[in-house]
Amino acid sequence: MEDDAPVIYGLEFQARALTPQTAETDAIRFLVGTQSLKYDNQIHIIDFDDENNIINKNVLLHQVGEIWHISASPADRGVLATCYNRTSDSKVLTCAAVWRMPKELESGSHESPDDSSSTAQTLELLCHLDNTAHGNMACVVWEPMGDGKKIISLADNHILLWDLQESSSQAVLASSASLEGKGQLKFTSGRWSPHHNCTQVATANDTTLRGWDTRSMSQIYCIENAHGQLVRDLDFNPNKQYYLASCGDDCKVKFWDTRNVTEPVKTLEEHSHWVWNVRYNHSHDQLVLTGSSDSRVILSNMVSISSEPFGHLVDDDDISDQEDHRSEEKSKEPLQDNVIATYEEHEDSVYAVDWSSADPWLFASLSYDGRLVINRVPRALKYHILL
Amino acid sequence: MAPGSASSPSPSFPASRPWAAVGTMAAAAAAGPSPGSGPGDSPEGPEGEAPERRRKAHGMLKLYYGLSEGEAAGRPAGPDPLDPTDLNGAHFDPEVYLDKLRRECPLAQLMDSETDMVRQIRALDSDMQTLVYENYNKFISATDTIRKMKNDFRKMEDEMDRLATNMAVITDFSARISATLQDRHERITKLAGVHALLRKLQFLFELPSRLTKCVELGAYGQAVRYQGRAQAVLQQYQHLPSFRAIQDDCQVITARLAQQLRQRFREGGSGAPEQAECVELLLALGEPAEELCEEFLAHARGRLEKELRSLEAELGPSPPAPDVLEFTDRGGSGFVGGLCQVAAAYQELFAAQGPAGAEKLAAFARELGSRYFALVERRLAQEQGGGDNSLLVRALDRFHRRLRAPGALLAAAGLADAATEIVERVARERLGHHLQGLRAAFLGCLTDVRQALAAPRVAGKEGPGLAELLANVASSILSHIKASLAAVHLFTAKEVSFSNKPYFRGEFCSEGVREGLIVGFIRSMCQTAQSFCDSPGEKGGATPPALLLLLSRLCLDYETATISYILTLTDEQFLVQVGLLYEEGVRKAQSSDSSKRTFSVYSSSRQQGRYAPSYTPSAPMDTNLLSNIQKLFSERIDVFSPVEFNKVSVLTGIIKISLKTLLECVRLRTFGRFGLQQVQVDCHFLQLYLWRFVADEELVHLLLDEVVASAALRCPDPVPMEPSVVEVICERG
């Protein structure tokens, strides 16, 4: 079972923002935002042709500034949000805005990769998320499975819930909350839980993880000192409602059950430098992807704490019954958590990794030098999980 | 045959689609591993024979696909295995089948099935023929090969027969030759035996004269060896008069020999090795070991006591004692060396004595050793007043080192332990001595201060100010402390043989030096100061307030800074000795002048910073191109390689990770022009000082280059500072 070789794509600029085109479920498409202080920044729409192993790209100009974070609407393929730096009078402010890409690029195009760069198109600004009162935007997250009308942005110590109205041309601040405490509190990252009817958001600031209820904008749980150092990223298990993963500067990846915040369920220590990104696979939550500034991407199989701890045994409709037998069966059939693969195609720090929204066995990773690598889950494991 | 089963969509064709499978079966049989149905049984009565044959082929096919008979039949879609009308079933009965067909089918269908059957039988036949034709050549060649093999084997058989007869002949000859030679062989053996016996006898007869000669010549060793060789034989044959005579002669001579040896042994003057030889010979002559042992030790005692006496004489009250180093030297070479020799010889000679002998020796060594130690201690006690630690430490080192050899020989006597104990005691006493010295110094300082304060002021000439006095006191105390620490530190020097003893590794440093000496001194200082305060001027000599003021200030200073400084100093010297415990490790390309090498290694990043603005507007690729080219030529750094346990490796790891962290932090910022320049200066400064801590300074350069390059990228207005300016700034620090 030969595994396909990774596909590498090089951007001309430094880059640290990567997202799959979330609303697209057929074609494999990623969006990458560049970071350049001197030239116009770009958003590369990267189409991956799975059958021929070919990458097609389209470039959109993003002239307002360098992109620190990018996220795509889960409902509309053409809509995306970026956090970008705006420099004015030697002051740097990170702003956020919602954009629409030209219609013809929404579903990709099959232009040859050479000629598109000359005729780069620009994004259409839908609305700014006004943050003059709140400070630097760290990230923007969309309500998962929603209609693309609700987003949350994190600005310094504020968590802001926006309603996008009039076909996203207007962003109205629906509610907000802020962290109070000693020192300068600053959110680093946040994710919106797909469970509980999308009413929960988790955020990271310093070494703490917090859960928020979006209806009341109040804190529902708090994991103090989740990591020894700064928490860089977190992600929700898409299939188990109380589970989330976090990673940080202590080189660790920790898995939490939010019902018991005193101790992580599991801790991984495979990286040797800061872990910048952690992502659960959207369908098979035992597959966990992490990217780190040790230039490595690690794919782990966390089967023992996944929703399928004994492999694919049961049909979807009797999963709930299974819950009772779980503990007994665990003793019978212990499955090993392990590192599936370490990908070393990057030569610089990897700041972003993510799974494709269309193909659950495919993921992309992006390093600072602008190298995007598309890899697949090893075939042997894929068949092992499926069969 | 049931029509339903013929049209069954099930893929398991052997069971459910018998007719359609026939053609395939033949093909499978042709291709399969067993070409079973031979060409011989070609069908004569197609209706009758074919099903039989087919069943056979069908069975093989099932075998080929790994299906058991039952399994194949067990499929739900398959027909009943016992059905006699199943053409492919095991229980197929042609009669029943025909009967069933005739009864159930209309004529047209009967005709159809008949033609169908005939057609398929023909096809089978032709397939079989093809098979035979195809394999005909192979059969022919196989037959040829077999025939040829038969011929060859016949020839080989003949040759084997010839070989067997030849071998028989050879065996026969060989047996005859041995028989012929047998006789002579025996005779030769006998003669040789007689010869050897005669030689032995000759030796015996010559023995007395030889022994006499040996004794005359003084070759005692040779004589004893002869005696030893002959004794057993003489003992055995003493009933024969001639042997008896020889034995008597020998005994007389041996007795004389023993006499002489004893004589020599008692004279004793001829040194330990010769004595040992005498004892060895006497033992070989069968003298009683017990007695010899006693005598040997008595002699040794005499010699060693002489050594001790001479040492004691040196120690004596009147004559100027030689310095302690010389004393321990002499003791080491004289007494300890002698003891070593005695012990070694004793253990070699009286090894047969077992534990009792060893115990005797140990007791001997213990007794003499304790006397020696008493002498050494007396001598060391004389040293106690002296101030020079280095001589004392060297003497102790010599003393301790000398005693390690007998220590190994005489583990039971516990000499090494006793020696270590003495060294420890001395070290402890030295610590006490230093503490006394420090106290005295402190009191001396105070007296000076008092005097200075009490000195009558000469008009117009201001006495020394209080601040000055305070500074004097503080510095003089500090220098005394430092001197004491340095002196005491000699005890833990690496090359001193006892420094690796547990006492000197742990207790001496923590309890002795830190607690006992330094903390003890500080305590006594406090006490002294306290006593000044407490004693109201009842004896008339009231404490001058200025002195109290000065003392209070001194104590305050000590509380805020000095104590922690002194303790840190002590800890550094005595406790935290990573560098001593861990080896240096290998350092690559260690160039002391690399600190002078300022910006040469920086050129790449500097050039990039400088050229980027001029090159890039035309092509936005260039920054990346440049850094990529730069990366091409520099090896990839593995920032997180595992660390070995030595100083350099650990430091290298720490520095690499720190620089990587710096890099990541730089990348998260946006720099103004001056921010970039600050990073430049910082990196240059780090470059000047970090190289000496790492295994490969190239690493530091590469990482720092990357930091500067990243900072340049993160700066919208990258105007790097002139290298010469950077240098000047860094060198000023």
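- By the naming in an unreviewed UniProt entry, chain A is EARP and GARP complex-interacting protein 1, taken from Pongo abelii.
- Checking UniProt for chain A, the heading Sequence similarities (unreviewed entry) contains the comment "Belongs to the WD repeat EIPR1 family."
- Here chain A is described in UniProt, under the heading Subunit (unreviewed entry), as follows: "Interacts with two multisubunit tethering complexes: EARP composed of VPS50, VPS51, VPS52 and VPS53 subunits and GARP complex composed of VPS51, VPS52, VPS53 and VPS54 subunits. Interacts with SNAP29."

### Observations concerning the overall build of chain A
And step 1. A tally of helices and strands in chain A yields three helices and 29 strands.
And step 2. Here chain A holds 387 residues, and the buried ones make up 58% of them.
And step 3. Long-range contacts, defined here as pairs at least 24 residues apart, represent 52% of the contacts in chain A between residues at least 6 apart.
And step 4. For chain A, the accessible surface area stands at approximately 15,900 Å², while carbon and sulfur atoms represent 44% of it.

### Considering the overall build of chain B
And step 1. Each helix and strand in chain B was counted, giving 26 helices and zero strands.
And step 2. With an accessible surface of roughly 42,000 Å², chain B has 59% of that area assigned to carbon and sulfur atoms.

### Section: the environment of Met721(B)
Residue and element names in this part refer to chain B.
And step 1. Tracing the chain through its elements places methionine 721 in the loop between helix 25 (697–713) and helix 26 (723–732).
And step 2. Looking at methionine 721, the relative accessible area reads 17%, which means it is buried.
And step 3. Distance in space between the C-alpha atoms of methionine 721 and glutamine 680 is 7.5 Å, their sequence separation being 41 residues.
And step 4. Excluding its chain neighbours within four sequence positions, the residues that come into contact with methionine 721 are Gln677, Gln680, Val681, Val726 and Ile729.

### Some remarks on the side chain of Ser300(A)
And step 1. Relative to the assigned elements, Ser300(A) resides in strand 25 (residues 297–301).
And step 2. If near-sequence neighbours (up to four positions away) are discounted, Ser300(A) is found in contact with Leu268(A), Gln286(A), Leu287(A), Val288(A), Asn338(A), Val339(A) and Ile340(A).

### Details of the interface of chain B and chain A
And step 1. With 22 residues of chain B in contact, the opposing surface of chain A contributes 30 residues.
And step 2. Buried surface at the junction of chain B and chain A, both sides included, amounts to about 2,300 Å², of which 51% is carbon and sulfur.
And step 3. Linking chain B to chain A there are two salt bridges.
And step 4. Residue Arg667(B) pairs with Asp348(A) through a salt bridge whose shortest N-O separation is 2.9 Å.
And step 5. The interface formed by chain B and chain A holds nine residue pairs in polar contact (both at pLDDT 80 or more) in total.
And step 6. Taken together, the elements giving at least two residues each to the side of chain B that touches chain A come down to helix 22 (622–633), helix 23 (647–667) and helix 25 of chain B.
And step 7. In terms of residues, the side of chain B that touches chain A owes the most to one element, helix 23 of chain B, which gives five residues.
And step 8. Looking at the side of chain B that touches chain A residue by residue, the class counts come to eleven nonpolar, four polar and seven charged.

### Observations regarding a negative patch on the surface
And step 1. Together, Glu157(B), Asp158(B), Glu159(B) and Asp161(B) make up a region of like negative charge exposed at the surface.
And step 2. With respect to the element layout, Asp161(B) can be found in helix 7 (residues 107–217).

### Focus on the packing of helix 24 (residues 673–690) of chain B against helix 25 of chain B
All names here are of chain B.
And step 1. Across the interface, helix 24 lies against helix 25 with an axial gap of 9 Å and an inter-helix angle of 175°. Judged by the inter-axis angle, helix 24 sits roughly antiparallel to helix 25. Residue-level contacts link Leu676, Val679, Gln680, Cys683, Leu686, Gln687 and Leu690 of helix 24 to Val700, His701, Leu704, Val707, Val708, Ala711 and Ala712 of helix 25.
And step 2. A breakdown of the residues in the contact of helix 24 with helix 25 according to their chemical character gives eleven nonpolar, three polar and no charged.

### Here's the deal with the pattern of salt bridges
And step 1. All chains considered together, the criterion is met by 30 salt bridges over all chains.
And step 2. Here Glu24(A) ties to Arg29(A) by a salt bridge, and the two come within 3.1 Å at their closest N and O atoms. Considered together, Glu24(A) and Arg29(A) belong to a single accessibility category, that of buried residues.
And step 3. Taking the shortest distance from any N to any O, the salt bridge between Lys660(B) and Glu664(B) comes out at 3.5 Å. Residue Lys660(B) and its partner Glu664(B) are located together in helix 23, separated by four residues, close to a single helical turn.
And step 4. Take Lys660(B): its relative accessible area is 7%, and that puts it in the buried class.
And step 5. A single network of salt bridges, built from pairs that share partners, joins Glu24(A), Arg29(A), Asp47(A) and Arg77(A).

### Brief notes about the sheet that holds strand 14 (residues 170–178) of chain A
Residues and elements named next belong to chain A.
And step 1. Here four strands make up an open sheet; going across it, the order is 11-12-13-14 and the pairing antiparallel. Each edge of the open sheet is held by one strand with a lone partner, namely strand 11 (137–142) and strand 14. The average undirected angle you get between the axes of adjacent strands in this sheet is 25°.
And step 2. For strand 13 (residues 158–165) and strand 14, the ladder comprises eight bridges, and the chain directions are antiparallel. Counted as the bridge partner of histidine 158 is serine 178 from strand 14.

### So, the nonpolar core
Residues and elements named next belong to chain B.
And step 1. Ranked by size, the top nonpolar core spans 106 residues in total, and within it Phe296, Phe364, Tyr372, Phe399, Ile477, Phe508 and Leu554 carry the most contacts.
And step 2. For this core, the element with the highest residue contribution is helix 16 (residues 415–454), accounting for 14 residues.
And step 3. If we skip the residues at most four places from it in the chain, phenylalanine 364 touches Leu297, Ala300, Arg301, Leu304, Leu339 and Val342.
And step 4. If you look at the next biggest cluster of nonpolar residues, it comprises 18 residues, including Val679, Cys683, Val694 and Ala712.

### Remarks on the packing of aromatic side chains
Residues and elements named next belong to chain A.
And step 1. Counted by the stated rule, this structure contains 13 aromatic pairs over all chains.
And step 2. The interplanar angle of 35° and the centroid separation of 6.1 Å between the aromatic rings of tryptophan 274 and tryptophan 276 together place this pair among those described as tilted. Each member of the pair, tryptophan 274 as well as tryptophan 276, carries the same accessibility label: buried.
And step 3. An aromatic cluster of three or more residues is present, and its members are Trp274, Trp276, Tyr351 and Tyr368.
And step 4. The lysine or arginine in question, arginine 232, covers the ring of tryptophan 276, its NZ or CZ lying 4.2 Å from the ring centre.
And step 5. Above the face of the tyrosine 243 ring, lysine 240 is positioned so that its terminal group lies 4.0 Å from the ring centre.

### A look at the environment of Asp26(A)
All names here are of chain A.
And step 1. Its place among the elements puts aspartate 26 in the loop between strand 2 (14–20) and strand 3 (28–35).
And step 2. Relative accessible area serves as the criterion here: at 70%, aspartate 26 is assigned to the exposed category.
And step 3. Along the primary structure aspartate 26 and alanine 358 are separated by 332 residues, whereas in three dimensions their C-alpha atoms are 5.2 Å apart.

### Here's the deal with the sheet that holds strand 24 (residues 287–292) of chain A
Residue and element names in this part refer to chain A.
And step 1. As summarised here, the arrangement of the four strands in space is 23-24-25-26, forming an open sheet in which the pairing is antiparallel. Both edges of this open sheet fall to strand 23 (275–280) and strand 26 (338–343), since each of them pairs with a single strand only. When strand polarity is set aside, the average angle formed by the axes of neighbouring strands in this sheet is 20°.
And step 2. Where strand 24 meets strand 25, five bridges bridge the pair, whose relative direction is antiparallel. If you follow valine 288 over to strand 25, its bridge partner there is serine 300.

### Here we look at a nonpolar patch on the surface
Residues and elements named next belong to chain B.
And step 1. A cluster of nonpolar side chains, namely Met160, Leu163, Met167 and Ile170, defines an oily patch on the protein surface of about 420 Å² accessible area.
And step 2. You can see methionine 167 is positioned in helix 7.
And step 3. Taking the relative accessible area as the measure of exposure, methionine 167 reaches 47% and is therefore partly exposed.

### Looking at the UniProt feature "repeat: WD" (unreviewed entry) in chain A
And step 1. Per the UniProt record, the feature "repeat: WD" (unreviewed entry) sits at residues 224–260 of chain A.
And step 2. Between the first and last C-alpha atoms of residues 224–260 of chain A the distance is 12 Å; the span itself is 0% helix and 46% strand.

### Let's talk about the packing of helix 16 of chain B against helix 17 (residues 466–489) of chain B
Residues and elements named next belong to chain B.
And step 1. For the pair helix 16 and helix 17, interaxial distance at closest approach is 10 Å and the crossing angle is 165°. When the axis of helix 16 is compared with that of helix 17, the two are roughly antiparallel. The hand of the helix 16/helix 17 crossing is right-handed. Along the contact surface, helix 16 presents Leu431, His434, Leu438, Ala441, Phe442, Cys445, Val449, Ala452 and Leu453, while helix 17 presents Leu466, Leu469, Val473, Ser476, Ile477, His480, Ile481, Ser484, Ala487 and Val488.
And step 2. Residues of the contact of helix 16 with helix 17, tallied by class, amount to 15 nonpolar, four polar and no charged.

### Some remarks on the pairing of strand 16 (residues 200–205) of chain A
Residues and elements named next belong to chain A.
And step 1. Counting buried positions along strand 16 gives six out of six residues, so the element sits mostly inside the fold.
And step 2. Two elements, strand 15 (residues 187–192) and strand 16, share five bridges in a ladder whose sense is antiparallel. Opposite glycine 190, over in strand 16, you have threonine 203 as the bridge partner.
And step 3. Pairing of strand 16 with strand 17 (residues 208–213), which is carried by six bridges, proceeds in the antiparallel orientation. Note on strand 17: the bridge partner recorded for alanine 204 is leucine 209.
And step 4. The antiparallel pairing of strand 16 with strand 17 creates a hairpin that spans two residues between the two strands, and aspartate 206 there sits at a positive phi of about 50°.

Calculation criteria
Residues numbered from 1 in each chain as written. Chains lettered and ligands numbered in written order. Predicted model: local features only at pLDDT ≥ 70, side-chain atom pairs only at ≥ 80, totals over all residues. Heavy atoms only, no water. UniProt positions renumbered as here; feature names shortened; annotations may be inferred. Helix = DSSP H or I, 4+ residues; strand = E, 2+ residues; numbered from the N terminus. Buried < 20%, exposed > 50% of the residue type's maximum accessible area, 1.4 Å probe, protein only. Contact = heavy atoms within 4.5 Å. Areas by Shrake-Rupley, 256 points an atom, 1.4 Å probe, with all protein chains shown as cover. Buried area = accessible area lost by both parts, 1.4 Å probe. Salt bridge = Lys/Arg side-chain N within 4 Å of Asp/Glu carboxyl O. Polar contact = N/O pair within 3.5 Å; in protein donor to acceptor, adjacent residues only side chain to side chain. Nonpolar A, V, L, I, M, F, W, Y, C, P; charged D, E, K, R; others polar. Patch = residues over 30% accessible without salt bridge, like charges linked within 9 Å, V, L, I, M, F, W, Y side chains within 5 Å. Lys, Arg positive; Asp, Glu negative; His and termini not counted. Charge placed at Lys NZ, Arg CZ, Asp CG, Glu CD. Axes fitted to C-alpha atoms, helices over the stretch in contact; angles between N-to-C directions. Parallel < 35°, antiparallel > 145°, perpendicular 65-115°, else oblique. Pairing = 2+ DSSP bridges. Core = buried A, V, L, I, M, F, W, Y, C linked by side-chain atoms within 4.5 Å. Phe/Tyr/Trp six-rings, centres within 6.5 Å; stacked < 30°, edge-to-face > 60°. Lys NZ or Arg CZ within 6 Å of the ring centre and 35° of its normal. Left-handed = near helix turned anticlockwise from the far one by under 90°.

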